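Working through the structure, step by step
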Amino acid sequence: MKQSKYKIGNNEHIICKNLYSNYNKIDLINEDFCLICLECLSKFKNILVTRNLDNSYCAISGTLLGIERHNGFIPTDDDIDLIIFRNLYEDIDNNIDIYNEKMYPFKLVKSIIGYKIINNIYGILIDLFVYELFENHFIPSGPIIDNKSYFLLKNALPFCKFHKSIILPINKNGGKFENLYINLPNSSKKCIEINYGL
């Protein structure tokens, strides 16, 4: 099994090349890409702190798995995944120019999941999945169009529906992601089990 090492900040990662055999992402997971993602995440976090919204997000999916297993990126991931709550989504929606000005050279773009933070060179860096509370469960809800939630899944797929006790209270800055600390759901283990059917 061939291995290679790369370093981001103070963290050294060992990647087994055979893990990539079924993926086309070999060239994406490199130090430059990771550093750009971290710069983007750091800017986003700073905006949330200044806007008093730093309790309105947490890591999810591959990012949460990466925090638990690697203290950072997992070898087969090519972005950062965050849940954002409806209040943060609405703040972004109502102040998109302010966010984009402070995020430069990154840009927030509306999508069916909520928002994506992109860069013209590297593409999608962060997925911001809008979740809201519905009958004691956090479910993906997506953007509001014509006063209706576009993507509200009352019968959400099992791998993206979380009881509120799994998400809340947010574990503020509880997860080390490379050289940053980011918010975690109340039970990272349960989130991962639900996301990946473990």
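Rules of the game
- Residues numbered from 1 in each chain as written.
- Predicted model: local features only at pLDDT ≥ 70, side-chain atom pairs only at ≥ 80, totals over all residues.
- Heavy atoms only, no water.
- Helix = DSSP H or I, 4+ residues; strand = E, 2+ residues; numbered from the N terminus.
- Contact = heavy atoms within 4.5 Å.
- Salt bridge = Lys/Arg side-chain N within 4 Å of Asp/Glu carboxyl O.
- Buried < 20%, exposed > 50% of the residue type's maximum accessible area, 1.4 Å probe, protein only.
- pLDDT = per-residue confidence, 0-100.
- Phe/Tyr/Trp six-rings, centres within 6.5 Å; stacked < 30°, edge-to-face > 60°.

What follows deals with the environment of Ile67. Along the chain, Ile67 turns up in helix H2 (residues 61-70). When sequence neighbours within four positions are dropped, the list of residues in contact with Ile67 reads Ala59, Gly72, Gly175, Lys176, Phe177, Ile182 and Leu184.

Right, let's talk about the pattern of salt bridges for a bit. Here the structure, examined in full by the defined rule, presents six salt bridges. With a closest N to O distance of 2.7 Å, Asp54 and Lys172 form a salt bridge. Here Asp54 is found in the loop between helix H1 (31-50) and strand E3 (57-59), whereas its partner Lys172 is found in strand E12 (residues 171-177), with 118 residues between them in sequence. For Asp54, a relative accessible area of 15% gives the class buried. Two residues, Glu132 and Arg86, come together in a salt bridge whose shortest N-O distance is 2.7 Å. Of this pair, Glu132 sits in strand E7 (residues 123-134) while Arg86 is found in helix H3 (residues 86-94), placing the two residues 46 residues apart along the sequence. Exposure remark for Arg86: the relative accessible area of 11% places this residue in the buried category.

A few words now on the confidence of the model for the protein. Per-chain confidence: the protein averages 82 in pLDDT, with 76% of residues scoring 70 or above. Ranking the elements of the protein by mean pLDDT puts strand E2 (residues 11-16) last, at 44, and E3 first, at 98. Scored below 50 in pLDDT, residues 13-28 makes 33 contacts in the model with residues more than four places away or belonging to other chains.

A full pass over the atoms with the stated rule returns five aromatic pairs. Taking the centre distance of 6.0 Å and the plane angle of 55° together, the rings of Phe33 and Tyr122 count as tilted. Of this pair, Phe33 sits in helix H1 while Tyr122 sits in the loop between strand E6 (114-119) and E7, and the two are 89 residues apart along the sequence. Here Tyr122 falls in the partly exposed class, since its relative accessible area comes to 31%.

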